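Here is how the chains run, residue by residue.
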Amino acid sequence: ALGCQPERPEASIVMQEFRFTPETVTVPAGRPVVLHLRNTGHERHEFQSIVLRAGVELREGEPGGAPVASDTIAVMPGRIIRVLITAPAGATPFR
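Small disclaimer: the values here were computed from a predicted structure and weren't measured. Residues take numbers from 1 onward in each chain, read along the sequence in its written order. Since the coordinates come from a predicted model, pLDDT governs what is reported: local features require at least 70, and pairs of side-chain atoms require 80 or more to be given and counted, while whole-chain, interface and lining totals use all residues. Side-chain metrics in this entry use all non-hydrogen atoms of the structure; hydrogen atoms and water are not considered.

## Section: the overall build of the protein chain
1) Next: Helix numbers and strand numbers start at the N terminus; a helix is a DSSP run of H or I with at least 4 residues, a strand a run of E with at least 2. Secondary structure assignment for the protein chain yields 0 helices and 8 strands.
2) Next: When the helices and strands of the protein chain are read in sequence order from the N terminus, they spell out β-β-β-β-β-β-β-β.
3) Next: The classification of residues rests on relative accessible area computed with a 1.4 Å probe and restricted to protein chains. Under 20% of the type maximum is buried, over 50% is exposed, and intermediate values are partly exposed. Looking at the protein chain residue by residue over its 95 residues, the buried ones come to 32%.
4) Next: Sequence-distant contacts, at least 24 apart, represent 69% of the contacts inside the protein chain between residues at least 6 apart.
5) Next: Methods summary: accessible areas were calculated by the Shrake-Rupley approach with a probe of 1.4 Å, and residue burial reflects only the protein chains presented. In the structure as shown, the protein chain presents an accessible area of about 6,100 Å², 52% of it carried by carbon and sulfur atoms. Pairs of residues are marked as contacts when any of their non-hydrogen atoms sit within 4.5 Å.

Structure (structure tokens):
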């Protein structure tokens, strides 16, 4: 229908004992994407991307996560955190 906004793209990353699955996520460049960060491990896990730091925003009302630094978000065990990212063109490393 005319005037309808397309849904915001989403991607998911599972974090477990300092591993990411999948290791690579493909998202459209320059477009806001909701990234679901799910910690299935037993330890706090951090998502860090220096390149994305200006484009990562912790969603309001997300319990179990906290910004650690401008480029890092901590996710507590058993929690899923949604962040809004806008990735530049090209490969963007995360860890």
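Next comes the rest of the account.
## Examining the side chain of H45
1) Next: Tracing the backbone through its elements, the reader meets H45 in strand β4 (residues 45–48).
2) Next: Filtering out sequence-adjacent residues up to four positions away, H45 remains in contact with M15, Q16, E17, F18, R19, F20, N39, I73, A74 and V75.

## Looking at the packing of aromatic side chains
Each aromatic ring pair is summarised here by two numbers: the centre-to-centre distance and the angle between the ring planes.
1) Next: Between 30 and 60 degrees the pair is tilted, below 30 it is stacked and above 60 it is edge-to-face, where a pair is any two Phe, Tyr or Trp rings, Trp via its six-membered ring, whose centres lie within 6.5 Å. Evaluated as defined, the whole model comprises 1 aromatic pair.
2) Next: The interplanar angle of 90 degrees and the centroid separation of 6.5 Å between the aromatic rings of F20 and F47 together place this pair among those described as edge-to-face. With F20 in strand β2 (residues 19–21) and F47 in strand β4, the pair connects residues that are 27 residues apart, well separated along the chain. For the pair shown, F20 and F47 are each scored as buried.

## Some points on the pattern of salt bridges
1) Next: Each reported salt bridge corresponds to a side-chain nitrogen of Lys or Arg within 4 Å of a carboxyl oxygen of Asp or Glu. One pass over the structure, following the stated rule, counts 1 salt bridge.
2) Next: Among the salt bridges present, the one from E46 reaches R44, with a minimum N-O distance of 2.3 Å.
3) Next: For R44, a relative accessible area of 41% puts it in the partly exposed group.

## As for the environment of R38
1) Next: With respect to the helices and strands, the residue R38 is situated in strand β3 (residues 32–39).
2) Next: With relative accessibility at 43%, the residue R38 sits in the partly exposed group.
3) Next: A C-alpha to C-alpha distance of 7.5 Å links R38 and V75, two positions 37 residues apart in sequence.
4) Next: Sequence-distant contacts of R38, that is, excluding residues within four places in its chain, are made with I13, V14, M15, R79 and I80.

## A look at the confidence of the model for the protein chain
1) Next: Known as pLDDT, the predictor's per-residue confidence is scaled from 0 to 100. In this model, the protein chain carries an average pLDDT of 75, and 65% of its residues clear a pLDDT of 70 or more.
2) Next: By mean pLDDT, the top-scoring element of the protein chain is strand β1 (residues 10–16) (91), and the lowest-scoring one is strand β6 (residues 65–69) (52).

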